[in-house]
Amino acid sequence: MTTIQEKQTNFDGFKTTGCVVRVVVPVAIPKVLDYAWKSRADAILGTFVKVPIGNRDVHGLVVEVADKSQFSKLKEAAPLDVPVAAKTCVDFWRWIGKYTMSAPGDALRAVLVNSHVPERPEPITRLKLTGKQPNKKTAPRDKVLQVAGSKLWQAGELALAAGVSAGVVQGLVKESCLEWVPVNNEELYQPALDTSALSTAQSKASAEIKAALASQEFKPFLLDGVMGSGKTEVYFDAIAHMLDTEPNAQALVLVPEIALTPQWMARFKKRFGFEPVIWHSAITERQRKQGWHAINDGTARVVVGARSALLLPYRSLRLIVVDEEHDASYKQEDQFRYNGRDMAVVAASMWQCSVVLASATPSLETWHNVNVGKYGYLSLPDRFGNAVLPSLNLVDMRQTPPPEKGKWISTTLIDALDARLARKEQSLIFLNRRGYAPLLLCRGCGHRFDCPSCDASLIIHGNRLRCHHCGFAEPMPEKCPKCESDKLFPIGPGTRRVVEEIKEMFPNARIGIADSDAVTGVHDMAELVEQVENGDVDIVVGTQMVAKGHNFPNLTMVGIVDGDMGLAHGDLRTSERTFQLLTQVSGRAGRYDKKGEVFIQTYQPEHPLFQAILDHNRDGFYKLELENRKAFGDPPFGRWVSILLSGKNENQVIRCGQILVQNVPADADVQVLGPAAAPLARLKDRFRYRIIVKGKKPLQNFVKTWLESVPVPQNIRIDVDVDPQRF
């Protein structure tokens, strides 16, 4: 990356002639660093710079400018040749770091690409007509020339649109009838808006968002719509309005990564005439570089991505959408621990723009904010068009067990599968557990095959045992290492065991598998989706990756193998998450004209959660859950901070936790619980104990003062999680 010495790009911050800049760097340093500013250009807040640390150079961000430093000898900061970050972005990055009690550089690490401002990639090229006619005319060639028109095309896209082979397009390129031309970002992201008919409820919701956009004020909304109600079309309509009325405005759509499906992207391109900037873990290095610079220079009008897309360097953010806002994947659980949904609301408040949280099963925090009037409420109570909600059925496994021992699919669900196969309709069998079985047990002595480094059982995957936490793997044993018995039995089902069972019952059925072992990337998911859409799959067996973002017209039945599985976890959000997941999965059935049906297998049919699902009584279930939380001062009625202690020596970890708790500062408004063993008490040979801090007010200052006042051994690691989601 080149540097500039005498020029600076337009900015919305401030500039000064001060000679000292304070720089945040993307490394584990608990403070900002002072550098000398030797450029003849003014120092500007938000300038990306190259600075030396030790014997290496890193990229950083100017966050303060001063006249002097407490240090007499400073190394120099050199500005990089990219636009200065918007002041709102700088303020947001610093705020989120302080709120999450992270190191100053943690947020910047998420902003940059591999901890650097990326090099600008070579220009993107597209095909366009030259006006030259081919030496030999054929019907396929004529079709390509006719379809091409004045547009810019990718080669494969043009061949597909013309209905010809790639060789036809390549031949026209060789004869100079088509040529590759560089495309600037403005052309690449130029919208060509399509219209979309909305229902009355959709039009009303969209109108409220458009009015909020016009006000140019911070306005948060919950877009609450049943599964299949058309929430996506509502915020698409608002984005189209923004693109049409605000020439420099940018919109951000956050989606859970597993929901960013080929179907979703096709809908977007059809609606807007261009592909948005995509930002998630699976994009290429070139896409990352191209997207970063398009966002930073303001030419990227719409960005669609996972939670980390929120931290990119926007120029003029006017609308933020958080789709499936309840999804647990919005919380980053390691290192830089932040909640993408909550931080999206904060970002919108700083940009003074609208934020739309969309879900059929909103989080209790969002639902509470609607109830107390903090968020506006937009409702889509019915499915779009002629589709109706599926009928829901509980299968009491105590009364209707599988046909034989060691099987997991009830006779009721078998009959439902058989009926769909006879009608040439598709089914989804859901089990949120990959692998063959979650446990291998010796029936000779009762020995469990556990991970040697974690407090977790090894999962059976084919002829190997694997730990899903640390990656440990070993071959499937033939005998028990304790008693040498060969009576080793898998306990419980995983997706692959369910597939095996279905194949035994329906040997001619075509089965598609959607778990993270079979679907390892975007292309795998695209291939599976295409197979289902084309009718090449009769039964899909999958985990939560099929619970959202997919619309299959011929899928009319959903079977949930283990409806009780989520209830086995004893944390705060167990019931809420189980309700949301089962509702989302159920919503895959009957999304078009054919009536859908859902079967939930359970050993606890009397549980209030299942009754709420059967009665479509989400609001009643949420009311009960909120009452329980309020009684104990739990979120959203109180605040939590989790302090996780870990180390190689369990006694040292326990003792460290005890000393910390013994030295808690006195505060009548704060309650400290623990230390207690974490649910996963040993991970990668480190013992883990947790302290929970509860209170009604923000707890960051209390926790910071407390932890800084108590010496902690160097071999004990402390991880602080503000607003924890998992335990």
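Up top is the structure.
So, how was this worked out
- Residues numbered from 1 in each chain as written.
- Predicted model: local features only at pLDDT ≥ 70, side-chain atom pairs only at ≥ 80, totals over all residues.
- Heavy atoms only, no water.
- Helix = DSSP H or I, 4+ residues; strand = E, 2+ residues; numbered from the N terminus.
- Rg over C-alpha atoms; globule rule 2.2 N^0.38 Å.
- Buried < 20%, exposed > 50% of the residue type's maximum accessible area, 1.4 Å probe, protein only.
- Arc of directions from axis to C-beta.
- Contact = heavy atoms within 4.5 Å.
- Polar contact = N/O pair within 3.5 Å; in protein donor to acceptor, adjacent residues only side chain to side chain.
- Core = buried A, V, L, I, M, F, W, Y, C linked by side-chain atoms within 4.5 Å.
- Axes fitted to C-alpha atoms, helices over the stretch in contact; angles between N-to-C directions.
- Parallel < 35°, antiparallel > 145°, perpendicular 65-115°, else oblique.
- Left-handed = near helix turned anticlockwise from the far one by under 90°.
- Nonpolar A, V, L, I, M, F, W, Y, C, P; charged D, E, K, R; others polar.
- Salt bridge = Lys/Arg side-chain N within 4 Å of Asp/Glu carboxyl O.
- Expected span 1.5 Å × (residues − 1).
- Pairing = 2+ DSSP bridges.
- 1 Å grid on protein atoms, 1.4 Å probe; cavity = no way out; pocket = protein on both sides within 12 Å on 5 of 7 lines; lining within 4 Å.
- Points joined across faces, edges and corners; volume = space filled by probe spheres on them.
- Phe/Tyr/Trp six-rings, centres within 6.5 Å; stacked < 30°, edge-to-face > 60°.
- Patch = residues over 30% accessible without salt bridge, like charges linked within 9 Å, V, L, I, M, F, W, Y side chains within 5 Å.
- Areas by Shrake-Rupley, 256 points an atom, 1.4 Å probe, with all protein chains shown as cover.
- Lys, Arg positive; Asp, Glu negative; His and termini not counted.
- Charge placed at Lys NZ, Arg CZ, Asp CG, Glu CD.

Visitor: Would you mind going over the overall build of the chain with me for this structure?
Guide: Assigned secondary structure in the chain consists of 20 helices and 31 strands. On C-alpha atoms alone, the chain measures out to a radius of gyration of 28 Å, which is about the 27 Å that the 2.2 N^0.38 rule sets for 727 residues. Considering only C-alpha atoms, the chain reaches an extent of 85 × 80 × 55 Å along its principal axes. Taken over 727 residues, the chain has a buried fraction of 53%.

Visitor: Would you mind going over helix α3 (residues 139–148) with me for this structure?
Guide: Given 3.6 residues to a turn, an α-helix orients residues that are three or four positions apart in the same direction. Every buried residue of α3 is listed here: Arg 141, Val 144, Leu 145 and Ala 148. Down the axis of α3, the buried set is contained in an arc of 95°. They therefore lie on one face. When the buried face of α3 is taken as reference, the exposed residues oriented beyond 90 degrees from it are Ala 139 and Gln 146. Where the residues of α3 are buried, they touch β8 (124–129), α4 (155–162), α5 (166–174) and β9 (178–183). Among the residues of α3, the N-terminal cap falls to Thr 138, whose side-chain oxygen and the backbone nitrogen of Arg 141 are separated by 3.2 Å. Just past α3, the residue Gly 149 takes up positive phi, approximately 55°.

Visitor: What is the right way to read unusual backbone geometry from this model?
Guide: Note: most peptide bonds trans; most residues except glycine with negative phi. Omega for the bond connecting Pro 635 with Pro 636 falls within 30 degrees of zero, at 10°, which places this linkage in the cis form. Position of Pro 636 among the secondary structure elements: in the loop between α18 (618–632) and β28 (639–647). Between Gly 674 and the following residue, Pro 675, the backbone shows a cis peptide bond with an omega angle of 5°. Checked against the element boundaries, Pro 675 lands in strand β29 (residues 670–683). For Asn 114, which is not glycine, the phi torsion reads 55° and is therefore positive. When you line up the elements, Asn 114 lands in the loop between α2 (104–111) and β8. Since its relative accessible area comes to 59%, Asn 114 is described here as exposed. Positioned with a positive phi, Lys 424 is a non-glycine residue whose angle comes to about 60°.

Visitor: How should the side chain of Asn 296 be read in this particular structure?
Guide: By the element assignment, Asn 296 lies in helix α10 (residues 285–296). Residues contacting Asn 296, with those up to four places away along its chain left out, are Phe 48, Val 82, Pro 83, Pro 313 and Arg 315.

Visitor: Would you mind showing me how to read the nonpolar core here?
Guide: Within soluble globular proteins, side chains that are nonpolar tend to cluster in buried spots. Residues Phe 48, Trp 93, Tyr 314, Leu 319 and Ile 320 are the most contacted members of the largest nonpolar core, which totals 141 residues. Take this core: its biggest share by element is 8 residues, from helix α8 (residues 231–245). In contact with Leu 319, not counting residues within four places along its chain, are Ile 209, Leu 213, Ala 238, Ile 239, Met 242, Gln 250, Ala 251, Leu 252, Cys 353, Ser 354 and Val 356. With 19 residues, the next largest nonpolar core counts Met 397, Leu 413, Val 541 and Val 561 among its residues.

Visitor: Would you mind going over the packing of helix α16 (residues 574–586) against α18 with me for this structure?
Guide: To characterise two packed helices, one gives the angle between the axes of the helices and the distance between these axes. As a packed pair, α16 and α18 sit with axes 11 Å apart at the nearest point and diverge in direction by 165°. As far as their axial angle goes, α18 and α16 are roughly antiparallel. Relative to α18, the crossing made by α16 is left-handed. Residues Ser 575, Glu 576, Phe 579 and Gln 580 of α16 lie in contact with α18, whose contacting residues are Arg 618, Phe 621, Tyr 622, Glu 625 and Arg 629. Residue classes in the contact of α16 with α18 are distributed as 3 nonpolar, 2 polar and 4 charged.

Visitor: Sorry if this is basic, but what is going on with the pattern of salt bridges here?
Guide: Side chains bearing opposite charge may pair, as long as their charged atoms lie close to each other. As enumerated under the stated definition, the model contains 38 salt bridges in all. With its nearest N and O atoms 3.0 Å apart, the salt bridge here joins Asp 106 to Arg 109. Separated by 3 residues within a single helix, Asp 106 and Arg 109 lie in helix α2, roughly one turn from each other. The class of Arg 109 is partly exposed, set by a relative accessible area of 29%. Of the charged contacts in the structure, one is a salt bridge between Asp 667 and Lys 697, with a shortest N-O distance of 3.1 Å. Pair noted here: Asp 667 is in the loop between α19 (650–662) and β29 and Lys 697 is in the loop between β30 (686–695) and α20 (700–709), with a separation of 30 residues, a long-range link. Overall, the relative accessible area of 35% leaves Lys 697 in the partly exposed class. Salt bridges sharing partners connect three or more residues here, namely Arg 22, Asp 34, Glu 64 and Arg 94.

Visitor: For this particular structure, what's the right way to read the packing of helix α12 (residues 364–371) against α18?
Guide: The geometry of α12 relative to α18 is characterised by a closest axis approach of 11 Å and an angle of 95° between their N-to-C directions. Classed by the angle they form, the pair α12 and α18 counts as roughly perpendicular. Contacts from Leu 364, Glu 365, Trp 367, His 368 and Asn 371 of α12 reach α18 at Arg 618, Asp 619, Tyr 622, Glu 625, Leu 626 and Arg 629. When its residues are assigned to classes, the contact of α12 with α18 shows 4 nonpolar, 2 polar and 5 charged.

Visitor: Could you clarify how one ought to interpret helix α15 (residues 522–533) in this entry?
Guide: When the terminal C-alpha atoms of α15 are compared, their 16 Å separation across 12 residues agrees well with the 16 Å that a helix rising 1.5 Å per residue should span. Turning to α15, its buried residues number three or more, namely Met 525, Leu 528, Val 529 and Val 532. In an axial view of α15, the angular spread of the buried residues amounts to 100°, which keeps them on one side of the axis. Looking at the buried residues of α15, the elements they touch are α9 (262–272), β18 (426–430), β24 (511–514) and β25 (539–542). At the C-terminal side of α15, Gly 535 shows a positive phi close to 80°.

Visitor: What should I look at first to understand the sheet that holds strand β21 (residues 464–466) in this one?
Guide: Note: strands within a sheet are paired through backbone hydrogen bonds, in either parallel or antiparallel orientation. Pairing in this open sheet of 3 strands is antiparallel, and the strands run β20-β21-β22 from one edge to the other. Here the strands that pair on one side only, and so sit at the sheet edges, are β20 (459–461) and β22 (473–475). Averaged over all neighbouring strand pairs, the angle between strand axes comes to 30°, with direction disregarded.

Visitor: Explain the pairing of β30 to me, please; I cannot follow it from the model alone.
Guide: Most of β30 is tucked away, with 8 of its 10 residues classed as buried. In this structure, β28 lies alongside β30, joined through 9 bridges in antiparallel fashion. Looking at β30, one finds that Ser 646 is bridged to Arg 688. Of the pairings in the sheet, the one linking β29 to β30 comprises 8 bridges and is antiparallel in character.

Visitor: What is the right way to read empty space enclosed by the protein from this model?
Guide: Rolled over the atoms, a probe sized like a water molecule indicates the empty space that remains. If you walk through the whole model with that rule in mind, you get 4 cavities of 30 Å³ or more. Size it by volume and the largest cavity reaches roughly 90 Å³. Along its surface, the largest cavity is lined by Leu 428, Met 525, Leu 528, Val 529, Val 532, Val 540, Val 546, His 550, Phe 552, Leu 555 and Arg 588. In terms of residue count, α15 provides more of the lining of the largest cavity than any other element does, 4 residues in total. Counted by class, the lining of the largest cavity contains 9 nonpolar, 1 polar and 1 charged residues.

Visitor: Before we go on, may I ask you to explain the packing of aromatic side chains in this structure?
Guide: The description of an aromatic ring pair uses the distance of the two centres, along with the angle that the planes make with each other. Counted under the stated rule, the structure contains 17 aromatic pairs. Ring geometry for Phe 48 against Trp 292: centres 5.6 Å apart, planes inclined by 65°, an arrangement best described as edge-to-face. Here the residue Phe 48 occupies a position in strand β5 (residues 48–53), and Trp 292 occupies one in helix α10, the gap between them amounting to 244 residues. For the residue pair Phe 48 and Trp 292, the accessibility class agrees, reading buried in each case.

Visitor: Any chance you could explain a negative patch on the surface here in plain terms?
Guide: Residues Glu 527, Glu 530, Glu 533 and Asp 536 make up a contiguous surface patch of negative charge. Position of Asp 536 among the secondary structure elements: in the loop between α15 and β25.

Read these as layout, nothing more, since geometry by itself doesn't imply function.
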